[in-house]
Amino acid sequence: MGEVDEAFIQAVEHRPKLAITEAEGIPLINLSIFNSHDLPSNPSSIETLVEEVRDACKNWGFFQVINHGVPLEKREKLEMASRKFFAQSTEEKMKVRGDEVNPLGYYDSLFTENVRDWKEVFDLMVKNPIVIPASHEANDNGLKEVVNRWPEDPFELREAFEGYAEEIEKLAHKLLELISLSLGLKANRLSGFFNDHTSFTRLNHYPSCPIPHLALGASGHKDGGALTVLAQDNVGGLQVKRKTDGEWICIKPTPHAYIVNVGDIIQVWSNDRYESVEHRVMANSEKERFSMPFFFNPDHNVMVEPLEELITEQDPAKYQAYNWGKFFATKMRSNFKKLDVDNIQIHHLKIKGEPS
């Protein structure tokens, strides 16, 4: 990382325009420069990469990355452990079920009275234990510690997760630096928000669905964090709403690639230069699907607001500041209990006079 940072900082301001290769609609970006021994002496390659990221974030909010540096064996090990976990009986999986006290662990939305998402998930924090706000109350500054729940079987899941999380976090930091540069900021401008980050990985299982005309694997939504880095199998089903015309675009899986999207936090930090884009997963009547999104989230005490460098007299701040920890805790707990407040979305935080 240190060598990459130096190259980033040495990159000059001239960034040539270029066409981006597109894979089934969204841009496909090659990160092989990160593994190049010529990196410090080749700033033009960084400039090109930064420009690709800028165009992808501005025009799509999504892109795929290849040659990203995450060891394939780490990913495959966790994928295998995930499949073993979800193959168990409901009774076994419920032993590590999350709740409103500790939202980490297993939960599902299958077979509920009002089917919305046809999936089951298992949530694991990268930093364990993690501290989050004790409640959503604005005047409550209390904190509480939550810990990952580990199943007895498969016993290898913990080791597989921890090995994978270390690698995917490295990739997320690289992507954060690229996005920072693409906004005209220093490479490390956003890094200080992630010292005690609240990032987590969600193991997703989408069983084959007998009523695909009545359900979605995951209904249309935007991600509330900073970045999402998604590993998916070869089944497919992810769709992105294209910004130009609102059409849903299918994202065909690229072997060993990761799909990256900017979340609400990047939208606010960038003061709407980049937009968090709606996406969904289609239900499949014939095949089950597995995926592993990594949600890269800042520290719980971070106040999210437009960055001062991106605010001008002609382009004033478009959002009120909000506390990420309370936003995050409310969202997580709402999976298990109907709270007395609605989940706040960033459009609720638009400053009066700004279009939502």
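Since this is a predicted model, take the numbers as computed values, not measurements.

Peer 1: What's the story with the pattern of salt bridges in this structure? I'm lost.
Peer 2: Two side chains bearing opposite charge may form a pair once their charged atoms approach each other closely. Inspection of every chain in the model, using the stated rule, returns 19 salt bridges. For Asp 315, the salt bridge identified is with Arg 273, shortest N-O distance 3.5 Å. With Asp 315 in the loop between strand E16 (303–304) and strand E17 (322–323) and Arg 273 in the loop between helix H6 (264–269) and strand E14 (279–282), this residue pair connects regions lying 42 residues apart in the sequence. The exposure class assigned to Arg 273 is partly exposed, which follows from its relative accessible area of 33%.

Peer 1: Looking at this model, I keep getting lost on unusual backbone geometry. Mind explaining?
Peer 2: Peptide bonds are trans in most cases, and residues, glycine excluded, mostly fall at negative phi. At the junction of Asn 128 and Pro 129, the peptide bond is cis and its omega measures out at 5° in the coordinates. For the bond running from Asp 153 to Pro 154, omega is 0°, close enough to zero to count as cis. With respect to the helices and strands, the residue Pro 154 is situated in the loop between strand E7 (143–146) and helix H5 (157–182). Although it is not a glycine, Asn 67 sits at a positive phi angle of roughly 50°. Secondary-structure assignment places Asn 67 in the loop between strand E3 (62–66) and helix H3 (72–86). With relative accessibility at 41%, the residue Asn 67 sits in the partly exposed group.

Peer 1: I tried to follow the sheet that holds strand E11 (residues 238–241) on my own but got confused; where do I start?
Peer 2: Strand pairs in the sheet, formed through backbone hydrogen bonds, run parallel or antiparallel to each other. Strands sit in the order E9-E14-E11-E12 across an open sheet of four strands; the sheet is antiparallel. The open sheet has two free edges, formed respectively by strand E9 (216–221) and strand E12 (248–250), since each of these has just one partner strand. On average, each strand axis in the sheet is tilted by 25° relative to the strand beside it, whichever way the strands run. Inspection of the sheet shows E9 paired to E14 by three bridges, in the antiparallel sense. When the bridges of E14 are listed, His 221 appears paired with His 279.

Peer 1: Sorry, what's going on with the packing of H3 against H5 here?
Peer 2: When two helices pack together, you describe them by how their axes are tilted relative to each other and by the distance separating the axes. As a packed pair, H3 and H5 sit with axes 8 Å apart at the nearest point and diverge in direction by 140°. In terms of their interaxial angle, H3 and H5 are classed as oblique. In terms of crossing hand, the pair formed by H3 and H5 is left-handed. Residue-level contacts link Lys 74, Arg 75, Lys 77, Leu 78, Ala 81 and Phe 85 of H3 to Leu 157, Glu 159, Ala 160, Phe 161, Gly 163, Tyr 164 and Glu 167 of H5.

Peer 1: Sorry if this is basic, but what is going on with the packing of helix H2 (residues 43–59) against H5 here?
Peer 2: Close contact between H2 and H5 brings their axes to 9 Å; oriented N to C, the two are set at 85°. Comparing the axis directions of H2 and H5 gives the class roughly perpendicular. Residue-level inspection shows Leu 49, Val 50, Val 53, Arg 54 and Cys 57 of H2 in contact with H5, the latter providing Leu 178, Ile 179, Leu 181 and Ser 182. Split by residue class, the contact of H2 with H5 holds seven nonpolar, one polar and one charged.

Peer 1: Before we go on, may I ask you to explain empty space enclosed by the protein in this structure?
Peer 2: By rolling a water-sized probe across the atoms, one finds the places where empty space is left. The full count for this structure, using the stated rule, is one cavity of 30 Å³ or more. Within this model, the largest cavity holds a volume of roughly 50 Å³. Along the walls of the largest cavity sit Trp 118, Tyr 206, Pro 207, Gly 217, Gly 236, Val 281, Met 282, Ala 283, Asn 284, Lys 287 and Arg 289, which together make up its complete lining. Of the residues that constitute the lining of the largest cavity, the class distribution is six nonpolar, three polar and two charged.

Peer 1: Would you take a moment to explain the side chain of Glu 167 for this structure?
Peer 2: For Glu 167, the position within the fold is in helix H5. Here Glu 167 is in contact with Gly 69, Val 70, Pro 71 and Lys 74, once residues within four sequence places are set aside.

Peer 1: Where do I start with the nonpolar core in this structure?
Peer 2: Soluble, globular proteins show a tendency: their nonpolar side chains are buried together. One finds Leu 31, Phe 122, Leu 175, Ile 179, Tyr 258 and Trp 269 to be the most contacted residues of the largest nonpolar core, which totals 78 residues. Sorting elements by how many residues they give to this core places H5 first, with 13 residues. Setting aside chain neighbours within four positions, we find Leu 31 in contact with Leu 49, Val 65, Ile 66, Asn 67, His 68, Leu 171, Leu 175 and Leu 178. Counting 13 residues, the second largest nonpolar core, distinct from the first, contains Trp 60, Phe 62, Leu 238 and Val 277.

Peer 1: Before we go on, may I ask you to explain the layout of surface pockets in this structure?
Peer 2: Empty space within the second largest pocket amounts to approximately 310 Å³. Forming the walls of the second largest pocket are 16 residues, and the residues nearest its centre are Arg 75, Glu 79, Gln 232, Asp 233 and Asn 234. Mapped by element, the contributors of at least two residues to the lining of the second largest pocket are H3, strand E10 (227–232) and strand E15 (289–296). Take the lining of the second largest pocket: its biggest share by element is five residues, from H3. In terms of residue class, the lining of the second largest pocket is made up of six nonpolar, five polar and five charged.

Basis of the calculations
- Residue indices begin from 1 for each chain and proceed along its sequence in written order.
- The predicted nature of this model means local features are confined to residues of pLDDT at least 70 and side-chain atom pairs, given and counted, to a pLDDT of 80 or more, with totals for whole chains, interfaces and linings taken over all residues.
- Side-chain figures throughout are based on the complete set of non-hydrogen atoms in the structure, without hydrogens or water.
- The salt bridge definition used is simple: a Lys or Arg side-chain nitrogen within 4 Å of an Asp or Glu carboxyl oxygen.
- The way it works is that DSSP assigns letters per residue, a run of H or I at least four long becomes a helix, a run of E at least two long becomes a strand, and they are numbered from the N terminus.
- Three labels apply to residues, based on accessible area from a 1.4 Å probe with only protein chains included: buried if under 20% of the type maximum, exposed if over 50%, partly exposed otherwise in between.
- When DSSP finds at least two bridges between two strands, those strands are taken to pair.
- Axes, fitted as lines to C-alpha atoms, cover a helix only where it is in contact. Angles between the N-to-C directions of the axes lie from 0 to 180 degrees.
- Throughout this description, any angle smaller than 35 degrees is read as roughly parallel, any larger than 145 degrees as roughly antiparallel, any in the 65 to 115 degree range as roughly perpendicular, and the remainder as oblique.
- The sense of a crossing depends on the near helix, which, turned anticlockwise from the far helix by less than a right angle, makes the crossing left-handed and, turned clockwise, makes it right-handed.
- Every residue pair with non-hydrogen atoms within 4.5 Å of one another is taken to be in contact.
- When residue character is reported, Ala, Val, Leu, Ile, Met, Phe, Trp, Tyr, Cys and Pro are called nonpolar, Asp, Glu, Lys and Arg charged, and the others, Gly included, polar.
- Computed over the protein atoms alone on a 1 Å grid, cavities are sets of points where a 1.4 Å probe fits but cannot get out and pockets are open sets with protein on both sides within 12 Å along at least five of seven lines; a residue lines them when it has an atom within 4 Å of a point.
- Grid points are joined across faces, edges and corners, and a volume is the space filled by probe spheres set on the points.
- Buried Ala, Val, Leu, Ile, Met, Phe, Trp, Tyr and Cys residues that are joined via side-chain atoms within 4.5 Å together make up what is termed a nonpolar core.

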